[in-house]
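# Architecture and fold: a report
Chain by chain, the residues:
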Amino acid sequence: MALVSAKDMLVKAKTEGYAVAQFNINNLEWTKAVLEACEEAKSPVILGVSEGAAKYMTGFKTVADMVKAMVESLNITIPVALHLDHGSYQGTQDAIKAGFSSVMFDGSHYPFEENVAKSKEMIELAHSKGLSIECEVGSIGGEEDGVIGSGELADPRECQAMANLGIDFLAAGIGNIHGKYPENWAGLSFETLEEISKVTNGLPLVLHGGTGIPAEQIKKAISLGVSKINVNTELQLVFAEATRKYIEDGKDLEGKGFDPRKLLAPGVAAIKAMVNEKIDIFGSRNKA
Ligand SMILES: [Zn+2]
């Protein structure tokens, strides 16, 4: 199945009351693990790629070509969107050119008027090529590729103005943070989420920083209009933990345990288990 835009899968999720996960990918093993796990679970999926991760994998074109080839080689039948995460003005244009099927343009660090003007331009470009587009209002706390935000609550009026530009889904801060949550985290602001939901007219909403938000809060957020949840750090943590255990147990020193196909296998299995856990919390199993 060819890559698809994320629009239809999120409209369906919103209507049926579940959320589709965006799992960020970092390399071939990551991509394969996420695709295989989602195919087995018959769950639609959004593969997220930050500009930093794309650069690490040598560029947008490498990523797009690898994902397309892998979807074909693995006979993947579920809907798969390849989505740029927190794209810059230039990066968004480059990812579109390279063959991504969905993009996020993050103009949240510009003054609002400039964010609107640039978002408008990117929406036109993305839609002219059949891609879906996500834009962001207000910054999301924590660190996203070197940009530090302080966990703010988005202004519903700004959300409404952004929604009216014709975006396909909206990222807005509701107290969520990228990376690990601090001990004293206040939790999600459902009041803000409800207000944003009300003024954006049924637009699917995106929850960034999905790592470590308790399942009850995730479920409540979905019931209030969140249809896409981004998971990145959590897969990195379980991959690192499983790999560390393999090495600490001395497995790489037994036989051909140093072979990367063996060395990375426990990490891959850990990613798959976490993907399954998220799919069940988000409710997207058998929704492909
Ligand atoms: Zn994010």
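Here's what I pulled together on the structure shown here.

This part covers the packing of aromatic side chains. Summed over the entire model, instances satisfying the criterion amount to four aromatic pairs. On the numbers, 6.5 Å between centres and 70° between planes, the contact of Y89 with F105 is edge-to-face. Of the two residues, Y89 is situated in helix α5 (residues 89–98) and F105 in strand β4 (residues 102–105); the sequence distance between them amounts to 16 residues. Ring geometry for Y181 against W185: centres 4.2 Å apart, planes inclined by 55°, an arrangement best described as tilted. Assigned by exposure class, Y181 and W185 land together as buried. Stacked on the ring of Y89, the Lys or Arg K118 has its end atom at 5.4 Å from the ring centre. When the ring centre of F190 is taken as origin, the NZ or CZ atom of K220, which lies over that ring, is 4.6 Å away.

For strand β5 (residues 132–137), the buried fraction is high: six of the six residues fall into the buried class. Here β5 shows two buried faces, one formed by S132, E134 and E136 and the other by I133, C135 and V137. Examined bridge by bridge, β4 and β5 share four bridges and lie parallel to one another. Across the sheet, the residue bridging to F105 is C135, located in β5. Running through helix α6 (residues 112–128), the crossover from β4 to the neighbouring parallel element β5 is right-handed. Relative to strand β8 (residues 169–172), β5 runs parallel, the two being bridged by four bridges. Bridge pairing in β8 links V137 to A172.

Turning our eyes to something else, we now look at the packing of helix α10 (residues 233–248) against helix α12 (residues 265–282). Interaxial distance between α10 and α12 falls to 8 Å at its minimum, and their mutual angle equals 145°. Considering how the two elements wind past one another, α10 and α12 form a crossing that is right-handed. Of α12, the residues touching α10 (which contributes E234, L235, V238, F239, A242, T243 and Y246) are P266, G267, V268, A270, I271, M274, V275 and K278. Grouping the constituent residues of the contact of α10 with α12 by class yields eleven nonpolar, two polar and two charged.

Reading the values: rules and limits
Within each chain, residues carry numbers counting from 1 in the order of the written sequence. In keeping with the predicted nature of the model, local features appear solely for residues at pLDDT of at least 70, side-chain atom pairs appear and are counted solely at 80 or more, and the whole-chain, interface and lining totals rest on all residues. Values reported for side chains reflect all heavy atoms of the structure, with hydrogen atoms and water molecules removed beforehand. Only centres within 6.5 Å qualify two rings of Phe, Tyr or Trp (six-membered ring in Trp) as a pair; their planes then separate them into stacked at under 30 degrees, edge-to-face at over 60, and tilted for everything else. To qualify as a helix, a DSSP run of H or I must reach at least 4 residues; to qualify as a strand, a run of E must reach at least 2; elements of each kind are numbered from the N terminus. Burial classes follow relative accessibility: with a 1.4 Å probe on protein chains only, a residue under 20% of its type's maximum area counts as buried, one over 50% as exposed, and anything between as partly exposed. Only Lys NZ and Arg CZ are tested; either one counts as a charge over a ring when it is within 6 Å of the ring centre and within 35 degrees of the ring normal. Any two strands are treated as partners once DSSP identifies two or more bridges connecting them. With its strands directed away from the observer, a crossover is right-handed exactly when the path from the first strand over the helix to the second travels clockwise. Think of each axis as a best-fit line through the C-alpha atoms, taken over the contacting stretch in the case of a helix, with angles from 0 to 180 degrees between the N-to-C directions. If you view the pair so one helix is near and one far, a crossing is left-handed when the near helix is turned anticlockwise from the far one by less than a right angle, and right-handed when it is turned clockwise. Every residue pair with non-hydrogen atoms within 4.5 Å of one another is taken to be in contact. Each residue is assigned to one of three groups, with Ala, Val, Leu, Ile, Met, Phe, Trp, Tyr, Cys and Pro labelled nonpolar, Asp, Glu, Lys and Arg labelled charged, and all others, Gly among them, labelled polar.

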